[in-house]
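Here is how the chains run, residue by residue.
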Amino acid sequence: MAKKYVKSLGIAVLASVMALSPVGGHAEIAAGAYLAANQANLENDYEAAARFYSRALERDPNNPYLLQNALLAQVAKGDMETSVALANTMSDIGVESQLTDLVLLADLIKSEDFSGASELLNDGQERFSPLLQGLINGWVLLGEGQMAAASDYFDSMKSPEAMRLFGQYHKALALAVVGDFEAADEILQGDSGQRLHLNRGSITAHAEILTQIGRKDEALEILDQAISSSGNKQLMDLRARIAADGEVPYDFVSNVNEGAAEVFFTLASALSGDENDRFALIYARMAHYLRPDYSDAIILAAELLRQQGQYVLANIAYSQVAEDDPAFVDAEIGRAEALLDADKPDAAIEVLRDTPEGVWVGGLPEQVEVIVVGQEFVTDGVPVKVSYQEYGQ
């Protein structure tokens, strides 16, 4: 069910994301830096594109074409501080674009200027998709202290069905933020006995909510079903904590910034996996900007960069997952695979992490000899007497 509705969301978003495409420039722009920047942009080399567009802007600082393409490159490479400065410059000189509005919107929400965010949403209605506008408007209203109005706004998202479902999902998250766990659970129980579990986040939120209202066993049941089909380490970690303590804090989405981050992550997930990966990357970067510890957004951005052949940026992104995050092992495996893709096998073959399950190793060929006992006493060049054991023993 989740896959079906996420794909439907991708279709709903597409009408607006096309404004994020690189913009062509005029012939009078300084040729060297401009041509190099455009070539880098075509190759998804965001680091080089950002560098060359910045160089071109030194000669023509108010050129809207350079500004738009520079902004796209900076957001894609994850430099949100520079992106916000560029977006403000573009706004000041009257250069309008969806990407400018997205960056400014995220920054207004991050700084908790909810009235400014509301004004931007209203002024730029034609540049935002109905899905983004509806979900973000709901969270902005909550930021202004208007929970009833936020609830009504989420309820107004009725068509198509995918929009209605995600509107209700975010309404449940908003209710949980204000402590109304009973009402949040009622929504997440879904219609006709089919729970509103659209993605891993909705499962995590529902399990945490259930422990808040004394229904530990139901939370464990939900997690067991999800783990049996996915083996997700974050869900496994949550299950272990609930089994041990009975109740865990509700912290999946605990404030407006995190709610807005979940909106951008929803859009990124909807657009990933097809020709819209560049747009998915933009939304994943926005989610990470609003919630710096959001490992799902970090890993999604890293995976998208890896798919685009940007292994250095992917490696940087994977490295931003904290060591104490349940997703750390997955991030380290992804980092090793990105290094292997970049034809750096020596860097890829590294111990990823000591865990209770053993030692995680990435970047290895299909057949390899690994020391599994006494490895801490062995260094490069030391002769050893080998005793083999079968795999799995």
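Residues numbered from 1 in each chain as written. Predicted model: local features only at pLDDT ≥ 70, side-chain atom pairs only at ≥ 80, totals over all residues. Heavy atoms only, no water.

(A) Layout of the overall build of the protein chain. Along the protein chain, the regular secondary structure elements total 20 helices and two strands. Looking at the protein chain as a whole, 50% of its 393 residues are labelled buried. The contacts in the protein chain between residues at least 6 apart in sequence include a share of 58% that link residues at least 24 apart. Entry remark: accessible area of the protein chain is about 18,500 Å², with carbon and sulfur atoms responsible for 49%. (Helix = DSSP H or I, 4+ residues; strand = E, 2+ residues; numbered from the N terminus. Buried < 20%, exposed > 50% of the residue type's maximum accessible area, 1.4 Å probe, protein only. Contact = heavy atoms within 4.5 Å. Areas by Shrake-Rupley, 256 points an atom, 1.4 Å probe, with all protein chains shown as cover.)

(B) How the structure looks around helix 13 (residues 216-230). For helix 13, built from 15 residues, the straight-helix expectation of 21 Å at 1.5 Å per residue is met to within 8% by its first-to-last C-alpha distance of 21 Å. Taken together, the buried positions of helix 13 are Glu218, Ala219, Leu220, Ile222, Leu223, Ala226 and Ile227. Where helix 13 is buried, its residues meet helix 12 (200-212) and helix 14 (233-245). Count one or two residues on from helix 13 and you reach glycine 231, which has phi positive near 65°. (Expected span 1.5 Å × (residues − 1).)

(C) Up close: the packing of helix 17 (residues 295-307) against helix 18 (residues 311-318). Packing of helix 17 against helix 18 leaves a shortest axis separation of 8 Å and a crossing angle of 165°. In terms of their interaxial angle, helix 17 and helix 18 are classed as roughly antiparallel. When the axes of helix 17 and helix 18 are compared, the crossing they make is left-handed. Counting all contacts with helix 17, which are made through Ile298, Ile299, Ala302, Glu303, Leu305 and Arg306, the residues of helix 18 involved are Tyr311, Leu313, Ala314, Ala317 and Tyr318. Along the lines of polarity and charge, the residues of the contact of helix 17 with helix 18 split into nine nonpolar, no polar and two charged. (Axes fitted to C-alpha atoms, helices over the stretch in contact; angles between N-to-C directions. Parallel < 35°, antiparallel > 145°, perpendicular 65-115°, else oblique. Left-handed = near helix turned anticlockwise from the far one by under 90°. Nonpolar A, V, L, I, M, F, W, Y, C, P; charged D, E, K, R; others polar.)

(D) Examining helix 7 (residues 114-123) more closely. Listed as buried for helix 7 are Phe114, Gly116, Ala117, Ser118, Leu120 and Leu121. If you follow the buried residues of helix 7, they end up packed against helix 6 (98-110), helix 8 (130-143) and helix 15 (256-271).

(E) Molecular detail of the pattern of salt bridges. For the structure shown, the criterion picks out 20 salt bridges. The closest approach of N and O atoms between arginine 195 and glutamate 218, which form a salt bridge, is 3.4 Å. Taken together, the positions of arginine 195 in the loop between helix 11 (181-188) and helix 12 and glutamate 218 in helix 13 put the pair 23 residues apart, joining distant regions of the chain. When its relative accessible area of 18% is taken as the criterion, glutamate 218 is described as buried. The partner of aspartate 237 in a salt bridge is arginine 241, with the nearest N and O atoms 3.3 Å apart. Of the two residues, aspartate 237 and arginine 241 are both situated in helix 14; the distance of four residues between them amounts to about one turn of the helix. Linked by salt bridges that have partners in common, Asp185, Arg195, Arg215, Glu218 and Glu221 make up one network. (Salt bridge = Lys/Arg side-chain N within 4 Å of Asp/Glu carboxyl O.)

(F) Structural view of unusual backbone geometry. Serine 159 connects to proline 160 through a cis peptide bond whose omega is 0°. By the element assignment, proline 160 lies in the loop between helix 9 (147-155) and helix 10 (161-177). Of note, asparagine 44 is a non-glycine position whose phi angle comes to about 60°, a positive value. As for its position among the elements, asparagine 44 is in the loop between helix 2 (31-42) and helix 3 (46-59).

(G) Looking closely at the nonpolar core. Core analysis: the largest hydrophobic core is formed by 107 residues, its most contacted members being Val103, Ile109, Ile136, Trp139, Tyr250, Phe264 and Met286. The residues contacting isoleucine 109, other than those within four sequence positions of it, are Phe114, Ala117, Ile136, Val140, Asn257, Ala260 and Leu290. By size, the runner-up hydrophobic cluster in this structure holds 13 residues, among which are Leu220, Ile222, Leu235 and Leu238. (Core = buried A, V, L, I, M, F, W, Y, C linked by side-chain atoms within 4.5 Å.)

(H) Region of the structure containing the environment of valine 178. Mapping valine 178 onto the fold places it in the loop between helix 10 and helix 11. Look at valine 178 and you get partly exposed, because its relative accessible area is 45%. The contacts of valine 178, once residues within four sequence positions are left out, are Leu142 and Met147.

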